[in-house]
Amino acid sequence: LVGTQMLAKGHDFRRITLVGVISADVGLGMADFRASERTFQLLTQVAGRAGRGEIPGDAFVQTLFPEHAAIVHAVTQDYDGFAAHEMEFRRDMRYPPFVSMIAITTRARTMPDALDLAREFARHVKRHAGDAVRLVGPAPAPLQQLRGQFRAQVFVKSVDRAVARRAVRTAIEAMRDRLRDITVDVDPYTVL
């Protein structure tokens, strides 16, 4: 049985005794703080497809990064070890759940215009919240162009969720005439 990630999603194939994952680490290169989590989850699910019946199974993982925590913990099915490692990484890098994060994505006909719009939004946020928030960006979004429009992003991070939300609301009010070109995602599931 040969397939894509869809094979990992809840199907119960009783007579599968061998699973191979090609380029298991491709997701680790995504510009998303949840990339390790998603890789761990996918590898754990895929490996769980082998040996579900009476016959034991094996899983083989091809990777360029065999020492990466997501790979190491997934092949050993070490949920607690991965969670501890990931929480330490997120604490050190100031990612959720240790800070509140709001993703602002702007769209325009050119990248300079999208970046200018993101800068303007960021200025409004910073003016309202000051040092209570940390801004990351603006920068081109990982998917820089979508549906013929260029995209830029800025992230608002804060240990005080209420302050961050108020600052973003203030920026939204100040930029009402440009809202069709701005997307606000509180606690984003993905930052692509």
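So, how was this worked out
- Residues numbered from 1 in each chain as written.
- Predicted model: local features only at pLDDT ≥ 70, side-chain atom pairs only at ≥ 80, totals over all residues.
- Heavy atoms only, no water.
- Axes fitted to C-alpha atoms, helices over the stretch in contact; angles between N-to-C directions.
- Helix = DSSP H or I, 4+ residues; strand = E, 2+ residues; numbered from the N terminus.
- Parallel < 35°, antiparallel > 145°, perpendicular 65-115°, else oblique.
- Contact = heavy atoms within 4.5 Å.
- Nonpolar A, V, L, I, M, F, W, Y, C, P; charged D, E, K, R; others polar.
- Salt bridge = Lys/Arg side-chain N within 4 Å of Asp/Glu carboxyl O.
- Buried < 20%, exposed > 50% of the residue type's maximum accessible area, 1.4 Å probe, protein only.

> Hey, could you run me through the packing of helix α1 (residues 35-47) against helix α3 (residues 79-93) in this one?
A pair of packed helices is characterised by two quantities: the angle between their axes and the separation of those axes. Across the interface, α1 lies against α3 with an axial gap of 11 Å and an inter-helix angle of 170°. Overall, the two elements α1 and α3 adopt an arrangement that is roughly antiparallel. In contact with Ser36, Glu37, Phe40 and Thr44 of α1, α3 contributes Tyr79, Phe82, Glu86 and Arg90. Counted by class, the contact of α1 with α3 contains three nonpolar, two polar and three charged residues.

> I'm lost on the pattern of salt bridges in this one. Help?
Opposite charge on two side chains lets them pair, provided their charged atoms get close. Tallied over the full model, the rule gives eight salt bridges. Notably, a salt bridge pairs Glu37 with Arg34, separated by 4.0 Å at the nearest N-O pair. Its relative accessible area of 32% is what places Glu37 among the partly exposed residues. Among the ionic pairs, Asp181 bridges to Arg178, the shortest N-O distance being 3.4 Å. Exposure remark for Arg178: the relative accessible area of 28% places this residue in the partly exposed category. Salt bridges sharing partners connect three or more residues here, namely Arg34, Glu37, Glu86 and Arg90.

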